[in-house]
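# An overview of the molecular structure
Read off the chains here:
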Amino acid sequence: MIIDATDLILGRMAAIVAKKAILGEEISIINAENAVITGDKKVTLLKYRHRQVYRGQPKTGPFFFTKESSFVKRAIRGMLPHKRPKGRDALKRIKCYIGVPAEFKDKKTEQLSGVHVSKMQNLKYISVKELCHLLG
């Protein structure tokens, strides 16, 4: 299954992908940098900066990724029981890519219903690419 993450809400997409991965599907997410997080930009940025600075240690974790594909995969990991064998196996079946790799250029992507940002009443959001850039 190939999913184009352009203008998809990150949390809703992560929940659907996690369920399908637990059921045994191989999932590839392309254009991971174009997923969006809903809410005010300033509040969202402050929330992630607070997590970065005040949680854990730089060498021991928890780690906060600023690469877009790792950021999206970490969000999906939060929806999985990643400490159990079922969740570990499901996480291995998920691949996230920045842009569209050559192997997926001509293949058809699947659409997820009810996950697009146009379905939201509130039009305040920030893209994962912009958030990761601002986080450093």
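Before reading further, recall that the structure is shown in the block above.
Note that the coordinates shown come from a computational prediction; the quantities given were computed from them, not determined experimentally.

Quick notes on the rules
Residues numbered from 1 in each chain as written. Predicted model: local features only at pLDDT ≥ 70, side-chain atom pairs only at ≥ 80, totals over all residues. Heavy atoms only, no water. Core = buried A, V, L, I, M, F, W, Y, C linked by side-chain atoms within 4.5 Å. Buried < 20%, exposed > 50% of the residue type's maximum accessible area, 1.4 Å probe, protein only. Helix = DSSP H or I, 4+ residues; strand = E, 2+ residues; numbered from the N terminus. Contact = heavy atoms within 4.5 Å. Expected span 1.5 Å × (residues − 1). Arc of directions from axis to C-beta. Disulfide = S-S within 2.5 Å.

## Side note on the nonpolar core
Counting 31 residues, the largest nonpolar core has Met13, Ile29 and Ile76 as its most contacted members. Of all the secondary structure elements, the ones that give two or more residues to this core are α1 (10–22), β2 (27–30), α2 (41–54), α3 (68–77), α4 (85–92), β4 (94–96) and α5 (128–135). For this core, the element with the highest residue contribution is α1, accounting for six residues. In this view, Met13 contacts Ala5, Leu8, Ile29, Val72, Leu112 and Val115; residues no more than four positions away in its chain are not counted.

## What about α1?
Compared with the 18 Å implied by 1.5 Å per residue over 13 residues, the 18 Å span of α1 between its first and last C-alpha is a close match. Those residues of α1 that fall on the buried side of the exposure criterion are Leu10, Met13, Ala14, Val17, Ala18 and Ala21. End-on view of α1: buried residues confined to an arc of 135°, all on one side of the axis.

## Digging into the state of the cysteines
A complete count under the given rule lists zero disulfides for this structure. Cys132 provides the cysteine sulfur closest to Cys96, a residue in no disulfide bond, and the two sulfurs are 12 Å apart. Judged by relative accessible area, which is 14%, Cys96 ranks as buried.

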